[in-house]
Amino acid sequence: IVPKQWQGQPRPVLFNNWEGCMFDFDHHRLVALAKEKNFPNRLVVVRHVFGMEEPGQNDMPVETATFLRENGITLVTAAHALSGAERGISKKFGGVSPVEIMAATLRMFGEGVKVCTEISIMALDCGAIAYGKPVVAVGGSSWGSDAACIITPNYSANVLATQIHEILCKPY
């Protein structure tokens, strides 16, 4: 399903584990899939911040994070690039922020396309992927992964410079 200009070019593969696994994250399954698909040291798992479900709590056990890292998977733990602090301000004072409008616009293509864009920016912001290089991102909703995109992200401070080159797949 990868167009010719992107074939044969090794690049990081980003995956969101908070939704892409239907909240049933199986780290053994993920490592097996990475090995099966020959993604040595290229799989980047992007997850949400500590305290998302319960203040002060990390919902990924230390043993799981250690297992993933020992098997060559990079972990990114970051605030959502297309909501984060702005959503908190909107909830407190009402209204909507420009970043929330951007996220809603991306959702017009499907939740997965929005998530692909967001996790790419999050991974770049924390230095897990190289600046200026396209990545393959896989995203979805609470029902599972449903979209894949080739994206060259930019830092959240320059979010409008992010390029979505291709939407490889998405629901209609």
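Criteria and cut-off values
For every chain, the first residue of the written sequence is number 1, and numbering continues from 1 onward in sequence order. It should be noted that, the model being predicted, local features are given only for residues of pLDDT at least 70 and side-chain atom pairs only at 80 or more, the latter also being counted only at that level, while totals for whole chains, interfaces and linings use all residues. Values shown for side chains rest on all heavy atoms present in the structure; no hydrogens or waters enter the calculation. Here, nonpolar core refers to any group of buried Ala, Val, Leu, Ile, Met, Phe, Trp, Tyr and Cys residues whose side-chain atoms link them within 4.5 Å. To sort residues, take the accessible area from a 1.4 Å probe on protein chains only and compare it with the maximum for the residue type: under 20% means buried, over 50% means exposed, and anything in between is partly exposed. Secondary structure is summarised from DSSP: a helix means a run of H or I of at least four residues, a strand means a run of E of at least two, and numbering begins at the N terminus for each. We call two residues contacting when some pair of their heavy atoms lies within 4.5 Å. Only one rule defines a salt bridge in this text: a Lys or Arg side-chain nitrogen within 4 Å of an Asp or Glu carboxyl oxygen.

> What exactly am I supposed to notice about the nonpolar core here?
The tendency in soluble globular proteins is for nonpolar side chains to be buried as a group. With 25 residues, the main nonpolar core has L14, V44, V46, A123 and I129 as its most contacted residues. Residue assignment for this core shows that the elements contributing at least two residues are β2 (43-47), α5 (98-107), α6 (111-125), β4 (135-141) and β5 (144-152). Per element, the largest residue contribution to this core is eight residues, and it comes from α6. In this view, A123 contacts L14, V44, V46, V76, A128 and I129; residues no more than four positions away in its chain are not counted. The next biggest cluster of nonpolar side chains, apart from the first, holds 16 residues, and it includes L43, I73, L75 and V136.

> What's the story with the pattern of salt bridges in this structure? I'm lost.
Here the idea is simple: oppositely charged side chains can pair when their charged atoms come close. Throughout the structure, instances matching the rule amount to three salt bridges. With a shortest N-O distance of 2.9 Å, R107 and E111 are connected by a salt bridge. Here R107 falls in the partly exposed class, since its relative accessible area comes to 32%. The exposure class assigned to E111 is partly exposed, which follows from its relative accessible area of 24%. Where E118 meets K114, a salt bridge forms, and the shortest distance between an N and an O atom there is 2.9 Å. Of the two residues, E118 and K114 both sit in helix α6, four residues apart, roughly one turn of that helix. The class for E118 is buried, based on a relative accessible area of 1%.

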